[in-house]
Amino acid sequence: MINRIKNICCSIDGCKVSFVPHPEQRLLDLLRQEKGITGVREGCGEGECGSCSVLLNNRLVNACCVPVLHVHGCSITTIEGFSKTAAFHIIADAFARAGAVQCGFCTPGFILATAALLRENQQPTDEEIRAGLSGNLCRCTGYTQIIHAVQAAAGTLSSVPEVWKETDTHPPTNISPHPLVPRTVDDSIALLQAGYTPVAGGTDLIIRQHAGRPVSANGNLFSCMHIAELQTIYRKEGRTYVGSAMPLADIIASPDCTPILREALSCIAAPGIRNIATLGGNVCNASPAADGLPVLYILNAMVHVVGPSGQRDIPLAKYIQGPGTTLLDPTEIVTCISYEEPDTVQRNSNWMFRKVGARAVNALAKVNCAALWEVDTEMVTDFRLAIGACAPTVIRSHDIEQSVIGTRLVDLPTSVDHWLGLYSELLSPLTDQRSTAEYRLHTALALIRIVFVAMG
Amino acid sequence: MHTVSRSVVRDDAMDKASGTSCYIADITLPGMLSMAFKTSTAQHARICSISIPRLPEGYVTVDGRDFKGQNRATIVAEDWPFFAEKEVLYFGQPLLAIVGPDQITCERLCAGIEVKYEMLESVSSIEDARECFNDFTVIKGDPAKAFLEATDVFERFYQTGLQEHAYLEPQGMLAIVENGIVTVRGAMQCPFNIHTNLTKALALNPDQVRVIQSTTGGGFGGKEDFPSILAGQVAVAAVKTKTGRPVKVVLDRRLDMLLTPKRHPSRITIRTAIGKSGRITAMDIDCQLDAGAYETLSRVVLERAMFICTGAYTIANVKVRGRTMKTNHVPSGAFRGFGGPQAHFAAEMNMSFLADKLGLPPLALKQQYLTRQGDLSITSGTYRYPTLFEAMLARVEEASGYSEKWQKYARGVVSSCKRGIGISFAAHGGAFTGNGEQELIKSLVRLSAEYADLTSTIPYMVRIMASSVDMGQGTTMALKKIVAQTMELPVEHVLFTPPDTARVPDSGPTVASRTVMIVGNLLQKAAVELRTILDSGQLPTKEEPLIVEQRYMHPEELTWDEPSFYGDAYPAYSWSVNVVEVEIDPITSAIKIIGSWAAYDVGVPIDNAMLQGQMQGGVAQALGYATLEQMQMIDGKPAQHSLTDYIIPTIYDVPELECFFVKNPYKHGPFGAKGAGELPHIGPAPALAEAVSQATGKLITKIPITPEQLVTKR
């Protein structure tokens, strides 16, 4: 029997807090409704606007898509706690003086995003400022005064780096394990057998659950974010293994991550999402538009799952059956995703990842495309290409790739249209609220064409 | 620079930054009840039956029959019901609500309600609409004659789409009945409009209704009309439950986007007559707006669009017909610019179209027709004050290098990406249209000098009492600065009473770029009067503050005949010049905005930093309006009704926004200030569209411009 009413323990703004979790509950609801920390604001409820930004173990996250189970043993800094620090006063003063505060609804989120940025990067460029704040929407200012404010705050803070010490947070100590926050894969299998559903980052699942489109009908969730073995990345015998519950930001930061995957994962959402969303989630969610998938397809990724009857290693292309459908059994959990790394990817720049979204950042893909290739002086020796968001699953064609491999470079230009014709037969994009079938097809083929141009 | 323009730090900034400001969602009262709406799943239908499951104890329904006065709000027209009655006219229209202690239970109960509809034919576009709420024609000069004598006539139509306000704070309202008084508080722009509506709907005396504004997280027009509806819905619930328990509703984002009005889509056709000299002699303009299912304030949006239908240009002979078309869409509503962005998009793109036909660069043609002092407006009113287009254009040219870039891009491709640059001119009339300020609003403001036990040399504080709200734009600080400067007091000595209909006089709604220009001017007059009293040696005592009031008086020189739309449509106009530069991705057709420059004549800026914030924010919204912000109605349902699918600009989507001011003091404005808040949203969309036209070689006639549209055009 799972003891669901055991307390979750965490620290909020330096105070140790324990509470009985509702497994579907969002960190945002805990903070606002139960703790009365109303400075954490709800603007969209789906991880788009950043008004509910908080720091979880010093990392920026959106409280609207963090399940409360995740925070067991963690430290949370909200605007209420942060506003008592000297760093806050420097940043807030810069915002006030620059005219970067208008209606104020987004401001606490921007302040925390600025803090998260400047803690790590004391002299950010304009580009880095934009990247750091790309998950926070402001409708009043047009952002120019916000950028000026961050520049001013960075200037002041760089002369007093010691103020950051005060913002260091410490997770509570002596925390006893919680049954819904397993530490081992074995414990999680027991939960799966008892009918529980794992939640990784939660950036999709919690939003859907909250919006009345639940993933788990009975609402029985458990957190798989505290299982150390699911949070590592390593290389072994020519393959790279990425833990399923490793946040995207950690994968991106790891030297073991291959550049093309790093590029693709960097295109996903915004810092607050990448700090908690996982590759396991990307794979299990099985969205045809997932930005991580085309790269994994061309790297011949395997999905490693375990369940009561042992381990299974399934090729990704087989594992994903359709939109939101995978071969994962409800009693199994994905432990890691592995891929083989062709020399070409490390050695040179013969690869491409392009995402086409509705805006520059923080948007779902209308089309995405990953490709890698190898040529010698005369001919194509390797070629792989995958297209996302243009069919129920990612499209990769071994047949077309085989016909490209071995083609003489001089013959490439004359064959491109033929191959584009073959690819266009495989693509069956839809018209929806984000784009049109015509545009998706057109753009996908244009992306494939530039790959061929780059090869020749 | 005038000293009033010097920037000060807003006194609400630190509370907002630290999250201690209290928005309506943050207010929790003991015993507070929640509310959920049952909304229409039909676009247009007769309601045959509604079956409500047995409700648990403590839960009740409210619907249109619960209003003792009337089940409709007056939002200019008196036609939008709080709850649908026999028919539903748009998808998402509330039929009833369930009120009770727990929000999720209310929602679940609503989901269990079964409604049977008899579907009726729906109208889903301006083109399909057969009825209109308003149909006006205005004629200036003799357009018929000019068309008869024309050597060339060109015709083209232009379209603009819906725009969602996307204020970061969703709408919310709280109502409580205490001692026979219904008190409503929430996010709003117009406390007294809500007050009037509640009085009528609930059949109460004015002193039985109190409306208080809570900290408001952005409005942009979106919290002008709809809060009257939401206030009626929560207030009737608070009255009906008879428990004295407060009722609060805060919409989640998807519901907010479903229920609330958006910017009017438009379809504007312009016929242009070219005379023997090769000059434009007349325009015949047909302006149609999608009003949605109820008229609400569409008439005044239409008037604004019609009265500025040739943009910042003066054309000698103009006929404009305007109609607000009835469709089965959520009623269109107020949005920053209020008809101006639609009219200017058509006017500007038409000039761009004509420039191409006449073989001129766009700027060369546009400059010939720029309005000058003494010119006549569409309504034959006089543009009474100097227009400073030369100075504004010089400033923008210098910053953007417009002409040089235009020539370079006109010669052809400069890099792998196609670039283009566009320029637009814009006008916006400050304050209410026609004699609205005089006849409808009759603003009243109050200033009181109150005894303060201060050891300083100034033994009093001055309190501003007005119903103008701060929704983020900085009203509080701007009005305080006007009073402080006028009385030569430190700004800390001026207080601002948060708008509360029980405590402040009705200075009118916070709309129409009127707050600084009209209310600020009244406060300045009051401040002069109060200062004279204080200078005479009279001081407030603990018991008796010194109070002065000022009521609006229309400047004598202005004339207006409402039935014929003849005369001065606005007391004064603000002007802008906008340049936008874009780059089109050759593969994805994505539009990257690489530069945005604008110069403004808003009289004299009351605080430079605050005005910069207003201008930059308006530009960003307008750039979004022109490109990213697409809301398609599919069978009356918004296809994009979340912030995931309705895309507003992020920090990556707008370049450094450069805004400049030229000084042009307005004699009836405080320190020379004119209307400002809406102006920045008027010009950028056509400037961007002209830039895309140059980059792609195809005239853009429809916004938002999407990559999908550009790909199709090839």
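Residues numbered from 1 in each chain as written. Chains lettered and ligands numbered in written order. Predicted model: local features only at pLDDT ≥ 70, side-chain atom pairs only at ≥ 80, totals over all residues. Heavy atoms only, no water.

All right, on to the overall build of chain A then. Scanning chain A for helices and strands turns up 18 helices and 18 strands. Taken against the 2.2 N^0.38 rule, which gives 23 Å for 456 residues, the C-alpha radius of gyration of chain A at 23 Å falls within 12% of a compact globule. Relative to its 456 residues, chain A shows a buried fraction of 61%. Intrachain contacts of chain A at a sequence separation of at least 6 include 65% that bridge at least 24 residues. (Helix = DSSP H or I, 4+ residues; strand = E, 2+ residues; numbered from the N terminus. Rg over C-alpha atoms; globule rule 2.2 N^0.38 Å. Buried < 20%, exposed > 50% of the residue type's maximum accessible area, 1.4 Å probe, protein only. Contact = heavy atoms within 4.5 Å.)

So, on to the overall build of chain B. Regarding its fold elements, chain B presents 17 helices and 29 strands. On C-alpha atoms alone, chain B measures out to a radius of gyration of 26 Å, which is about the 27 Å that the 2.2 N^0.38 rule sets for 714 residues. In chain B, which comprises 714 residues, the proportion classed as buried is 66%. Nonlocal contacts in chain B, meaning residues at least 24 apart in sequence, comprise 81% of its contacts between residues at least 6 apart. Per element, the accessible surface of chain B, about 24,800 Å² overall, is 50% carbon and sulfur. (Areas by Shrake-Rupley, 256 points an atom, 1.4 Å probe, with all protein chains shown as cover.)

All names here are of chain B. The strand order across the open sheet built from four strands is S13-S12-S11-S14, with neighbouring strands paired in mixed fashion. Of all the strands in the sheet, the pair left with one neighbour each is strand S13 (209–213) and strand S14 (247–250). Averaged over all pairs of adjacent strands, the angle between strand axes in this sheet comes to 15°, irrespective of strand direction. For strand S11 (residues 172–178) and strand S12 (residues 181–186), the ladder comprises six bridges, and the chain directions are antiparallel. Counted as the bridge partner of Val177 is Val182 from S12. Helix H4 (residues 191–202) contacts S11, S12 and S13 of the sheet and is inclined by roughly 150° relative to S13. (Pairing = 2+ DSSP bridges. Axes fitted to C-alpha atoms, helices over the stretch in contact; angles between N-to-C directions.)

Counted at 1.5 Å a residue, the expected span for helix H8 (residues 340–358) of chain B with its 19 residues is 27 Å, and the 26 Å between its end C-alpha atoms agrees. Gly359 of chain B occupies a position one or two residues after H8 of chain B and carries a positive phi of about 70°. (Expected span 1.5 Å × (residues − 1).)

Residue and element names in this part refer to chain B. The final tally for this structure, using the stated rule, is six cavities of 30 Å³ or more. The wall of the largest cavity is formed by Arg304, Phe307, Ile308, Gly337, Gly340, His428, Gly429, Tyr570 and Tyr573. Listing elements by their share of the lining of the largest cavity, those giving two or more residues are helix H7 (298–307) and strand S18 (418–430). Looking at the lining of the largest cavity residue by residue, the class counts come to four nonpolar, four polar and one charged. (1 Å grid on protein atoms, 1.4 Å probe; cavity = no way out; pocket = protein on both sides within 12 Å on 5 of 7 lines; lining within 4 Å. Points joined across faces, edges and corners; volume = space filled by probe spheres on them. Nonpolar A, V, L, I, M, F, W, Y, C, P; charged D, E, K, R; others polar.)

Chain B puts 67 residues into the contact, and the matching count from chain A is 65 residues. Taking both sides of the interface into account, the surface hidden between chain B and chain A amounts to around 5,400 Å²; carbon and sulfur atoms contribute 58%. Taken as a group, Leu168, Ile651 and Tyr652 of chain B account for 16% of the area that chain B buries against chain A, more than any other trio of residues on that side. The residue Glu46 of chain A makes a salt bridge to Arg254 of chain B at a minimum N-O spacing of 2.9 Å. Along the contact surface separating chain B from chain A lie 36 residue pairs in polar contact (both at pLDDT 80 or more). (Buried area = accessible area lost by both parts, 1.4 Å probe. Salt bridge = Lys/Arg side-chain N within 4 Å of Asp/Glu carboxyl O. Polar contact = N/O pair within 3.5 Å; in protein donor to acceptor, adjacent residues only side chain to side chain.)

The next subject is the pattern of salt bridges. All names here are of chain B. Scanning the model with the defined rule gives 58 salt bridges over all chains in all. A salt bridge links Asp12 to Lys16; the shortest N-O distance between them is 2.9 Å. Owing to a relative accessible area of 4%, Lys16 belongs among the buried residues under this scheme. Among the ionic pairs, Glu127 bridges to Arg267, the shortest N-O distance being 2.9 Å. Linking Glu127 in the loop between strand S8 (114–119) and strand S9 (132–140) with Arg267 in strand S15 (residues 266–274), this pair joins segments that are 140 residues apart in sequence. Among the charged side chains, a network of salt bridges with common partners joins Arg10, Asp12, Lys16 and Asp470.

Bringing the packing of helix H3 (residues 86–98) of chain A against helix H6 (residues 144–158) of chain A into the picture now. Residue and element names in this part refer to chain A. Contact pair H3 / H6: the axes reach a minimum separation of 8 Å and the direction vectors enclose 140°. Comparing their axes, H6 and H3 come out oblique. Once H3 is placed against H6, the crossing between them reads as right-handed. Across the interface between the two elements, Ala87, Ile90, Ile91, Ala94, Phe95 and Ala98 of H3 pack against Gln145, Ile146, Ala149, Val150, Ala152, Ala153, Thr156 and Leu157 of H6. Residue composition of the contact of H3 with H6, grouped by class: twelve nonpolar, two polar and no charged. (Parallel < 35°, antiparallel > 145°, perpendicular 65-115°, else oblique. Left-handed = near helix turned anticlockwise from the far one by under 90°.)

Residues and elements named next belong to chain B. Inspection of the sheet shows strand S19 (residues 444–451) paired to strand S22 (residues 546–551) by six bridges, in the antiparallel sense. Pairing of Leu447 across the sheet is with Val548, part of S22. As defined by bridge partners, S19 adjoins strand S20 (residues 460–465) across six bridges and the pair is classed as antiparallel. Across the sheet, Glu450 pairs through a bridge with Met461, a residue of S20.

This brings us to the domain arrangement of chain A. Residue and element names in this part refer to chain A. According to the domain assignment, chain A consists of domain 1 (1–176), domain 2 (190–341) and domain 3 (351–455). Here the C-alpha centroids of domain 1 and domain 2 sit 25 Å apart. Listed by partner, the interface residues are 26 residues for domain 1 and 28 residues for domain 2. Between domain 1 and domain 2 lies a buried interface of about 2,000 Å² when both sides are counted; carbon and sulfur atoms form 61% of it. (Domains from an automatic or database assignment.)

Attention shifts here to unusual backbone geometry. In this structure, the amide linkage connecting Ile703 of chain B to the following residue, Pro704 of chain B, adopts the cis form with an omega of 0°. Although it is not a glycine, Ala286 of chain A adopts a positive phi angle of roughly 55°. Looking at the element boundaries, Ala286 of chain A is found in the loop between helix H12 (279–285) and helix H13 (293–298). You will see that Ala166 of chain B, though not glycine, has its phi angle at about 55°, which is positive. Tracing the sequence through the fold places Ala166 of chain B in the loop between strand S10 (152–160) and S11.

It is worth spelling out a negative patch on the surface at this point. The grouping of Asp126, Glu127 and Glu128 of chain A together with Glu656 and Glu658 of chain B at the surface amounts to a negative patch. At three residues, the largest contribution of residues to the negative patch is made by helix H5 (residues 126–132) of chain A. In this fold, Glu658 of chain B is placed in strand S29 (residues 657–662). (Patch = residues over 30% accessible without salt bridge, like charges linked within 9 Å, V, L, I, M, F, W, Y side chains within 5 Å. Lys, Arg positive; Asp, Glu negative; His and termini not counted. Charge placed at Lys NZ, Arg CZ, Asp CG, Glu CD.)

Residue and element names in this part refer to chain B. Where helix H15 (residues 608–626) meets helix H16 (residues 684–696), the axes come as close as 8 Å, and the angle between the chain directions of the two elements is 50°. Classed by the angle they form, the pair H15 and H16 counts as oblique. Pair H15 / H16 crosses with right-handed handedness. When H15 is examined against H16, the residues Val619, Ala622, Leu623, Tyr625 and Ala626 are found in contact with a partner set consisting of Pro684, Ala685 and Leu688.

For the rest of this paragraph, the subject is the packing of aromatic side chains. What describes a pair of aromatic rings is the distance from one ring centre to the other and the angle between the planes of the rings. Under the defined criterion, the tally for this structure stands at 25 aromatic pairs over all chains. Pairing Tyr234 of chain A with Tyr241 of chain A gives two aromatic rings, centres 5.1 Å apart and planes at 10°, and the pair type is stacked. Residue classification places Tyr241 of chain A among the buried positions, given a relative accessible area of 16%. Through successive ring pairs, a cluster of aromatic residues spans Tyr313, Tyr383, Phe389, Phe425, Tyr570, Tyr573 and Trp575 of chain B. When the ring centre of Phe660 of chain B is taken as origin, the NZ or CZ atom of Arg395 of chain B, which lies over that ring, is 4.1 Å away. (Phe/Tyr/Trp six-rings, centres within 6.5 Å; stacked < 30°, edge-to-face > 60°. Lys NZ or Arg CZ within 6 Å of the ring centre and 35° of its normal.)

The next thing to look at is the sheet that holds S18 of chain B. Residues and elements named next belong to chain B. Here four strands make up an open sheet; going across it, the order is S18-S25-S26-S29 and the pairing mixed. If you trace the sheet from one side to the other, it starts and ends with S18 and S29, each paired once. In this sheet, neighbouring strand axes are inclined to one another by 15° on average, regardless of whether the strands run parallel or antiparallel. Alignment of strand S26 (residues 591–601) against S29, held across six bridges, turns out to be parallel. Looking at S29, one finds that Ser596 is bridged to Leu657.

Residue and element names in this part refer to chain A. Relative to the assigned elements, Thr203 resides in the loop between strand S6 (197–199) and helix H8 (205–210). Judged by its relative accessible area of 17%, Thr203 is buried. In this structure, Thr203 is in contact with Cys65, Ile273, Ile276 and Ala277, ignoring residues within four places of it in sequence.

Turning our attention to the pairing of S12 of chain B. Residues and elements named next belong to chain B. Two successive antiparallel strands, S11 and S12, enclose a turn made up of two residues, where Asn179 displays a positive phi of approximately 50°. Two elements, S12 and S13, share five bridges in a ladder whose sense is parallel. Opposite Val182, over in S13, you have Val209 as the bridge partner. For the handedness criterion, the β-α-β arrangement of S12, H4 and S13 is classed as right-handed. (Right-handed = clockwise from strand over helix to strand, strands pointing away.)

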